Amino acid sequence: MIDKLLESLEKMDIPFYREGSHDDCNNSFITFWNIETVESNRGYNDKPLFTEWKYQIKFYSRNPLELYNKLDDLIYLLSENGFIIEGRGFDLKSDIENFFCRSFYAKYRKGQ
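A few points on the structure. Model, not experiment: these values are computed from the prediction. (Residues numbered from 1 in each chain as written. Predicted model: local features only at pLDDT ≥ 70, side-chain atom pairs only at ≥ 80, totals over all residues. Heavy atoms only, no water.)

**Comments concerning the overall build of the protein chain**
Note the cut-off: Helix and strand definitions follow DSSP, with helices as H or I runs of at least four residues and strands as E runs of at least two, each counted in order from the N terminus. Accessibility here uses a 1.4 Å probe with only protein chains present; expressed as a share of the type maximum, an area under 20% marks a residue as buried, one over 50% as exposed, and anything in between as partly exposed. For this analysis, residues touch if any pair of their heavy atoms sits within 4.5 Å. A 1.4 Å probe and the Shrake-Rupley method give the accessible areas. Residues count as covered only by the protein chains that appear here. His residues and chain termini do not enter the charge count, which takes Lys and Arg as positive and Asp and Glu as negative. To locate a charge, the coordinates of NZ of Lys, CZ of Arg, CG of Asp or CD of Glu are taken.
What the protein chain contains, in helices and strands, is two helices and five strands. Shown N-terminal to C-terminal, the secondary structure of the protein chain runs as helices and strands in the order α-β-β-β-α-β-β. Overall, the protein chain is about 55 × 25 × 20 Å in size when its C-alpha atoms are taken along their principal axes. Buried positions account for 38% of the 112 residues belonging to the protein chain. Within the protein chain, counting contacts between residues at least 6 apart in sequence, those at least 24 apart form 56% of the total. Entry remark: accessible area of the protein chain is about 6800 Å², with carbon and sulfur atoms responsible for 46%. Of the side-chain charges in the protein chain, 15 are positive and 19 negative, and the distance between the mean point of each set is 5 Å.

**What about the side chain of Ser94?**
To be explicit about the condition: For the purposes of these results, a polar contact is taken to be a pair of N or O atoms within 3.5 Å, where, inside protein, one atom must be able to donate a hydrogen and its partner to accept one; residues adjacent in sequence count only when each atom of the pair is a side-chain atom.
Turning to its location among the elements, Ser94 is positioned in the loop between strand E4 (84-92) and strand E5 (100-111). At 3.0 Å, the side chain of Ser94 forms a polar contact with the backbone nitrogen of Ile96. Other than its neighbours up to four places away in sequence, Ser94 contacts Tyr60, Phe99, Phe100 and Cys101.

**Overview of the packing of aromatic side chains**
To be explicit about the condition: For Phe, Tyr and Trp, rings pair up if their centres lie within 6.5 Å, where Trp contributes its six-membered ring, and each pair is then called stacked (planes under 30 degrees apart), edge-to-face (over 60) or tilted (otherwise).
Applying the stated criterion across every chain, the model contains five aromatic pairs. Each ring, one from Tyr17 and one from Phe29, has its centre 5.9 Å from the other, and the planes form 75°; the classification is edge-to-face. Placement of the pair is Tyr17 in strand E1 (residues 16-18) and Phe29 in strand E2 (residues 28-39), with a sequence separation of 12 residues. Phe29 shares its class with Tyr17; the two are buried. When the ring of Phe83 is compared with that of Tyr108, the centres are 5.0 Å apart and the planes differ by 55°; the resulting orientation is tilted.

This is how it looks when you write it as structure tokens:
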């Protein structure tokens, strides 16, 4: 379901990268990582009833005010595009000098 995530991130007008492949030349950017993909128990036809993808989304910025405002915008955008958002985000210690970081988890379920 990565295509659904990428389509949603494109609407933010902020560069986004797969976690670990980012270029920190920008003042703000988003990274994502698929941390889990699970299938439900099998139905009567031996096919899963649903598949669920869980992503960790990280927002990096040099500007702490933008960090919170844009993260709220991103959470709203993903929820409007069918993602289930877990919470309102949390701070992470940035591994990139002079950047602040906040993160949250987003799930997308396909099927029943």
